[in-house]
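Fold and contact review
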Amino acid sequence: MQPHLIVLDLDGTLLTDEKVISEKTLHTLFKAREHGHEIMIATGRPYRASEVYYHQLKMQTPIVNFNGAFVHHPTDPTWKPIHEPINLGIVNEVIDAIHDYKFYNIIAEVMDDVYLHYHDEKLLDIFSFGKPQVTTGDIRNYLKTDPTSLLIHANEHDVPSIRQHLHDVHAEVIDHRRWGAPWHVIEIVRSGLNKAVGLAHVSKHLNIPQQNIIAFGDEDNDLEMIEYAGTGVAMGNAISPLKNIANEVTASNNEDGIAEFLQERLNL
């Protein structure tokens, strides 16, 4: 069998709801690598919040973070990183406009520096993973460089109207996604970026053709990646739009969906 590239989203896909990799899935992925297949992660998380899983899987491949805005090779310093942040002027325009809507907080990330518009202990618990430098206060005053991503935390009811504004006014310069429940967060990156863009860089580096890519996902930030892959696989817990475009649907993230699919498809 020709080598395949197995691409793994983290939350809701590789990870169970307890944020761990099951023993069965871990064993299956190790077995796939023993058979000559490559494994990589493509996530909306920053690297500091995905590093533990990268090392648990003993990976030797590049990783896609921030939904494609940052791609690098943690174990090969000669591999040139790709970092495509959002223009700071655009970010300030977005923040100005968002104040016309109801929202809880705004978060900007510059690689491993985190900026919180308002102090929020619950958000600090999430974004302090990996011990970043955290700054609290009006982002327009403190942020001095182009951020990798911008996040807007709002009430579920207000998310659609905020996204509509972003689409109407800033569609040419930014792309935005929605986190899955229970967090109603809009995640913004530079226009034209998504996991598929990062994946294309990595597959080219590994010399694995598009038809030999198997990608797993569950949310709307996986749409382009699932469509791009030769075999796009939606988890059983995936949103309906992802299942609709996927080539296959497997069991859920809590039912070893990745392991079940790979054991059958790759004869592991």
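Note: the structure precedes this text.
Residues numbered from 1 in each chain as written. Predicted model: local features only at pLDDT ≥ 70, side-chain atom pairs only at ≥ 80, totals over all residues. Heavy atoms only, no water.

The full count for this structure, using the stated rule, is three aromatic pairs. Look at Tyr47 and Tyr54: their rings are 6.2 Å apart centre to centre, the planes differ by 80°, and that puts the pair in the edge-to-face class. The same class applies to Tyr47 as to Tyr54, namely buried. Judged by centre distance (6.0 Å) and plane angle (20°), the ring pair of Phe103 and Tyr118 falls under stacked. Here Tyr118 lies in the loop between β7 (113–116) and α5 (121–127) and Phe103 lies in the loop between α4 (88–98) and β6 (105–110), a separation of 15 residues in the sequence. (Phe/Tyr/Trp six-rings, centres within 6.5 Å; stacked < 30°, edge-to-face > 60°. Buried < 20%, exposed > 50% of the residue type's maximum accessible area, 1.4 Å probe, protein only. Helix = DSSP H or I, 4+ residues; strand = E, 2+ residues; numbered from the N terminus.)

Moving on, we get to the nonpolar core. Membership of the largest hydrophobic core comes to 26 residues, with the highest contact counts inside it found for Ile6, Leu8, Leu14, Leu29, Leu57, Phe216 and Leu262. At the level of secondary structure, the elements contributing two or more residues to this core comprise β1 (5–8), α1 (10–14), α2 (23–34), β2 (38–41), α3 (51–56), β12 (213–217) and α11 (257–265). (Core = buried A, V, L, I, M, F, W, Y, C linked by side-chain atoms within 4.5 Å.)

On a regular strand, each side chain points to the face opposite its neighbour's, so the side chains alternate between the two faces of the sheet. Most of β12 is tucked away: five of the five residues are buried. Judged by which residues are buried, β12 turns out to be covered on both faces: Ile213, Ala215 and Gly217 on one side and Ile214 and Phe216 on the other are all buried. As paired elements, β1 and β12 share four bridges and run parallel to each other. Residue pairing in the sheet places Leu8 in a bridge with Phe216 of β12. Taken together, the four bridges between β12 and strand β13 (residues 231–234) define a ladder with parallel strand orientation. (Pairing = 2+ DSSP bridges.)

This part covers the layout of surface pockets. In this structure, the largest pocket encloses a volume near 900 Å³. Around the largest pocket, the lining comprises 33 residues; the ones closest to its centre are Asp11, Lys19, Arg45, Trp179 and Trp183. Broken down by secondary-structure element, the contributors of at least two residues to the lining of the largest pocket are α1, α5 and β10 (174–178). Looking at the lining of the largest pocket element by element, the count peaks at three residues for α5. Residues of the lining of the largest pocket, tallied by class, amount to 11 nonpolar, eight polar and 14 charged. (1 Å grid on protein atoms, 1.4 Å probe; cavity = no way out; pocket = protein on both sides within 12 Å on 5 of 7 lines; lining within 4 Å. Points joined across faces, edges and corners; volume = space filled by probe spheres on them. Nonpolar A, V, L, I, M, F, W, Y, C, P; charged D, E, K, R; others polar.)

Inspection of the entire model under this criterion finds 12 salt bridges. Here Asp11 makes a salt bridge to Lys19, at a shortest N to O gap of 2.8 Å. Residue class for Asp11 comes out partly exposed when judged on its relative accessible area of 25%. Judged by its relative accessible area of 40%, Lys19 is partly exposed. Through salt bridges with shared partners, a single network forms among Asp9, Lys195 and Asp222. (Salt bridge = Lys/Arg side-chain N within 4 Å of Asp/Glu carboxyl O.)

Glancing now at helix α7 (residues 159–170). Helix length check: α7 (12 residues) gives 16 Å between terminal C-alpha atoms against 16 Å at 1.5 Å per residue, within 8%. Where α7 is concerned, the buried positions are Val159, Ile162, His165, Leu166 and His170. Down the axis of α7, the buried set is contained in an arc of 125°. They therefore lie on one face. The inward-facing, buried residues of α7 abut α4, β9 (149–153), β10 and β11 (185–190). (Expected span 1.5 Å × (residues − 1). Arc of directions from axis to C-beta. Contact = heavy atoms within 4.5 Å.)

The next subject is the sheet that holds β10. With mixed pairing, six strands are arranged side by side in an open sheet as β8-β7-β6-β9-β11-β10. In this open sheet, the two strands that pair with only one neighbour each are β8 (133–136) and β10. Put simply, the sheet's adjacent strands are angled 20° from each other on average, direction ignored. Strand direction decides the pairing type here: β9 and β11, joined by four bridges, are antiparallel. Counted as the bridge partner of Leu151 is Glu187 from β11. Helix-sheet contacts for α7 involve β9, β10 and β11, and the interaxial angle to β10 is about 165°. (Axes fitted to C-alpha atoms, helices over the stretch in contact; angles between N-to-C directions.)

Mapping Glu187 onto the fold places it in strand β11. Despite being buried, Glu187 has no salt bridge partner; Arg177 is the closest side chain of opposite charge, sitting 8.4 Å away. In contact with Glu187, other than residues within four places in its own chain, are Gly44, Asn67, Ser149, Leu150, Leu151, Asp175, His176, Arg177 and Trp179. (Lys, Arg positive; Asp, Glu negative; His and termini not counted.)

The next thing to look at is the side chain of Thr28. One can find Thr28 in helix α2. Classification of Thr28 as buried rests on a relative accessible area of 2%. A distance of 2.8 Å separates a polar side-chain atom of Thr28 from the backbone oxygen of Lys24. Residues contacting Thr28, with those up to four places away along its chain left out, are Ala259, Leu262, Gln263 and Leu268. (Polar contact = N/O pair within 3.5 Å; in protein donor to acceptor, adjacent residues only side chain to side chain.)

That's the geometry; what it means functionally is another story.
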